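Structural description and commentary
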Amino acid sequence: MTRMYHLMPVEAYTSQDWFDREQELIFSRTWRYAGFVEDIPEPGHYISVQAGLNNIFIVMGRDHRLRAFHNICRHRGTQLIRAVGKTQKALTCPYHDWTYDLEGNLVSVPDEEREYPNGIDKSCLGLKPAAVDVWRGMLFVHPDPNPPSLAAWFGEVDPHLGPHKPEELVEYPEARSSYEIKANWKIVVENYIDVYHLSHLHSNTLYMYDHAKAKYGWSGPHYHFWEPPTEEYGANLEKNLPSPRVIPEPHVGAWVPMLFPGIGLGASEESWNVFIITPLGPNLTRIENRSKVANVSGWEYQKQEWSSWGFWKDFGGPKYEGDDVASEDDPMASGDFTAEDIYACEQQQKSLASPFLEIGPAATGESPITNHQRAILEFMKDHEK
Amino acid sequence: MPQSFHPLTVADIRSEIDGSATSITFSVPPHLASEFTWRPGQHLSLKLQVNGEEQRRSYTISNPPGAPLRITVKRVKKGCVSNFVADTLKVGDQLEVMAPKGRFVLDPQALGHRTHYFFAAGSGITPIFSMVNAVLADEPYAVAHLVYGNVEAGDILFEAELTELLERYGDRLTVRHVLSAPSMWSWFTPWRKGRVDAEAIQAAITETPPVAQDVHYWICGPGSMNQDVRQALNGLDVPNSRIHSESFGGEGAQDTSVSGVASQVTVKLLGQTQTVAVAAGQTLLEAMRASGLRPPFSCQSGVCGACIARTSQGKVHMRSRVALEDGDISKGYVLTCQSVPTAEKMTLTFEA
């Protein structure tokens with residue numbers, strides 16, 4: 001008898017077979033986050049990103065137009081370029097120096113006459129194109145050169161994501177981080193969208209927002225969530241914001257959507273963040289965080305810090321104290337909500353292999369979890385044909 | 001095949017840029033409404049009597065689809081039709097008009113996240129104006145950048161309308177005026193002085209770079225402008241597949257440097273095949289009509305595209321090729337009214 005975790009078999013969270021099918025049917029068939037627009041600032045710059053089974057790179061041509069190609073030399077399949085870099089007019093594979101122009105055309109094959117005495121048709125050996133598009137200041141790639149439109153993919157959920165204009169904000173480099181969680185990617189998503197846990201796991205960390213008044217729902221496979229500031233925080237919000245506003249008044253609250261698949265955003269009055277979830281294995285997931293803040297002077301930041309100091313000086317604290325603390329680096333005593341989440345995900349994953357595991361009923365605030373499972377099952381079914 | 005003219009009534013005549021151009025709006029009766037729908041960039045062929053002589057001309061529709069059917073005619077020195085239209089034509093007059101045609105078209109994509117660069121000069125703005133409007137109205141995720149060249153500020157067509165568009169769509173539209181000889185007495189400050197050349201193009205693209213990968217370049221201007229802009233874009237590695245152009249000659253701007261040779265032409269028309277002898281210096285259309293064939297044609301000036309056919313053998317010289325895009329020409333399409341054979345044997349097929 002198959003052990004179930006709500007709508008999915010438990011095995012979906014632990015087996016290599018499920019992981020492989022998700023890579024093929026979900027992560028190789030959807031728009032994949034690739035970075036911020038400013039990551040490719042001028043002609044010649046490129047970045048590459050893994051999108052499911054495909055490695056895709058984006059490069060800007062001299063016409064400032066972005067192009068995307070599969071990062072595969074047409075000769076023996078070697079990956080052409082490394083993660084990030086800059087070129088002038090051409091991309092050369094390190095293996096045999098086959099060289100492509102920025103339109104993907106194969107322009108040079110070394111020792112062509114000697115190595116290919118019967119000739120070689122370079123015009124049939126151009127790089128395979130992929131698609132790149134931009135939404136809310138973020139780059140997205142799709143393995144299919146003629147994919148469904150990105151505007152349509154995010155069009156319906158877009159109005160629920162807050163009035164932020166990320167392209168007008170600046171990155172806060174210190175907030176950029178990348179780490180691994182020893183859990184299946186779906187566990188990480190479920191933690192992100194679990195409304196029930198906010199008041200409990202994060203009882204001493206995220207309490208400036210009123211979780212009881214959260215509004216959340218779905219647009220197709222995309223989840224959206226908003227909650228207002230608590231009365232205490234909101235009563236003097238302009239004074240209490242830790243840094244300058246990134247959205248105009250009277251907009252308030254925290255928008256924390258999870259776009260499909262695994263593209264988390266977190267936006268509030270004073271910042272805009274991405275939380276990109278990449279499955280690395282059945283039990284291993286990579287997270288990339290980046291953060292954007294208001295494009296104003298250091299003096300504005302200083303003033304806001306002073307004005308909000310009174311609110312934040314005593315804010316927050318560890319979940320466990322005293323004898324409950326297991327060790328010096330106990331995440332439950334960290335007072336850091338990210339450490340709390342990582343801990344919860346990894347502790348849950350550990351139990352999934354146990355034959356005694358039996359999942360209890362989903363709470364109202366956990367309805368996003370069953371909805372997410374449904375979205376995955378439907379997406380895979382639609383793409384299995 | 002509907003190649004016929006229909007009488008349309010002139011509903012409005014408006015003088016533009018101090019009488020240097022004239023906009024004419026037609027009223028389209030309900031039973032012709034479907035035939036007279038158009039795609040942004042298409043043009044109308046007119047047949048009119050001027051001083052007892054029949055004249056045919058094609059003019060670009062300067063309104064976007066859905067708006068009233070309007071053409072804008074720039075006055076040409078000694079041009080018999082453009083002056084007639086400006087000075088003699090009245091509201092309520094009827095003109096013979098053929099349904100909209102043309103292959104230089106921008107079809108809006110409701111979900112297209114595209115960046116369009118428009119390069120226009122002089123009255124080359126007419127199709128571009130229609131396209132810009134269509135992008136702003138019907139392509140909500142797209143942006144448009146217009147670079148518009150003129151001699152001086154007084155020559156700028158649709159200046160008021162462009163300003164209105166900027167006020168309404170300022171986040172999706174930029175307009176850059178380039179003036180080659182700005183008047184010292186004008187208050188108008190152009191973006192640049194000079195021509196719409198490689199430097200101006202590079203500057204425009206650098207100042208307002210494309211949003212992502214789906215970028216299109218639209219060119220319409222007189223003389224060598226199309227070729228110059230295309231070369232400048234090619235110099236930035238823009239592939240030809242993304243460049244769309246229509247040249248815009250003044251009346252009578254034809255290349256008659258090649259006289260052509262006598263040729264035997266196999267013509268496939270409406271399922272029939274016939275051989276036509278073309279004399280040296282004769283156009284394909286003239287020869288076909290002289291031998292009793294009835295191929296489609298309209299303006300006889302290379303503008304409307306009604307006489308288009310495809311060659312599968314043999315080459316021609318085209319005196320004018322306004323109605324064709326470069327891509328059409330590489331596929332073998334010719335305008336029979338403008339083509340003299342340069343090969344002694346040819347095969348010509350009318351596809352529609």
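Just so you know, these numbers come straight off a predicted model, no measurement behind them.

**So, the overall build of chain B**
If you tally the helices and strands in chain B, you get seven helices and 19 strands. Rg of the C-alpha trace for chain B: 21 Å, near the compact-globule value of 20 Å for 352 residues, within the 12% margin. A burial count over chain B gives 54% of its 352 residues as buried. Taking as baseline every contact in chain B between residues at least 6 positions apart, the subset at least 24 positions apart corresponds to 68%. Distance between charge centres in chain B, computed from 31 positive and 34 negative side chains, equals 6 Å.

**Looking at the pairing of strand β4 (residues 45-51) of chain A**
All names here are of chain A. Where burial is concerned, most of β4 is hidden: five out of the seven residues are buried. As defined by bridge partners, β4 adjoins strand β7 (residues 84-86) across three bridges and the pair is classed as antiparallel. When the sheet's bridge partners are listed, Ile47 is paired in β7 with Val84. Here β4 pairs with strand β5 (residues 54-60) via six bridges, running antiparallel. If you follow Gln50 over to β5, its bridge partner there is Asn55. Two successive antiparallel strands, β4 and β5, enclose a turn made up of two residues, where Gly52 displays a positive phi of approximately 65°.

**Section: the domain arrangement of chain B**
Where the parts come together, the accessible area they lose is often given as the size of the interface. Residue and element names in this part refer to chain B. Each assigned domain of chain B is listed with its residue range as follows: domain 1 (5-100), domain 2 (115-247) and domain 3 (263-349). Of note, the centres of domain 1 and domain 3, computed from C-alpha atoms alone, are 27 Å apart. Facing the six residues of domain 1 at the interface are six residues of domain 3. At the boundary of domain 1 with domain 3, total buried surface from both sides reaches about 530 Å², with 52% on carbon and sulfur atoms. At the boundary of domain 1 and domain 3, one finds zero salt bridges. Remark: the boundary between domain 1 and domain 3 carries zero residue pairs in polar contact (both at pLDDT 80 or more). Among the secondary structure elements, those contributing two or more residues to the side of domain 1 that touches domain 3 are β3 (43-50) and β4 (53-60). For the side of domain 1 that touches domain 3, the class distribution of residues is two nonpolar, three polar and one charged.

**Quick word on helix α5 (residues 225-235) of chain B**
Residues and elements named next belong to chain B. Of the positions making up α5, those classed as buried are Met225, Asn226, Val229, Arg230, Ala232 and Leu233. End-on view of α5: buried residues confined to an arc of 160°, all on one side of the axis. Asp237 occupies a position one or two residues after α5 and carries a positive phi of about 70°.

**Considerations on the sheet that holds strand β2 (residues 21-27) of chain B**
Residues and elements named next belong to chain B. The strand order across the open sheet formed by six strands is β4-β3-β6-β1-β2-β5, and the pairing between neighbours is antiparallel. A single partner strand is all that each edge strand has here, and the edge strands are β4 and β5 (69-74). Across the sheet, the mean angle separating the axes of adjacent strands is 40° when strand polarity is ignored. Pairing analysis gives five bridges linking strand β1 (residues 5-16) to strand β6 (residues 94-101), with the strands arranged antiparallel. Along β6, the bridge assignment pairs Pro7 with Glu96. Running at roughly 80° to β4, helix α1 (residues 80-87) makes contact with β2, β3, β4 and β5 of the sheet.

Basis of the calculations
- Residues numbered from 1 in each chain as written.
- Chains lettered and ligands numbered in written order.
- Predicted model: local features only at pLDDT ≥ 70, side-chain atom pairs only at ≥ 80, totals over all residues.
- Heavy atoms only, no water.
- Helix = DSSP H or I, 4+ residues; strand = E, 2+ residues; numbered from the N terminus.
- Rg over C-alpha atoms; globule rule 2.2 N^0.38 Å.
- Buried < 20%, exposed > 50% of the residue type's maximum accessible area, 1.4 Å probe, protein only.
- Contact = heavy atoms within 4.5 Å.
- Lys, Arg positive; Asp, Glu negative; His and termini not counted.
- Charge placed at Lys NZ, Arg CZ, Asp CG, Glu CD.
- Pairing = 2+ DSSP bridges.
- Domains from an automatic or database assignment.
- Buried area = accessible area lost by both parts, 1.4 Å probe.
- Salt bridge = Lys/Arg side-chain N within 4 Å of Asp/Glu carboxyl O.
- Polar contact = N/O pair within 3.5 Å; in protein donor to acceptor, adjacent residues only side chain to side chain.
- Nonpolar A, V, L, I, M, F, W, Y, C, P; charged D, E, K, R; others polar.
- Arc of directions from axis to C-beta.
- Axes fitted to C-alpha atoms, helices over the stretch in contact; angles between N-to-C directions.

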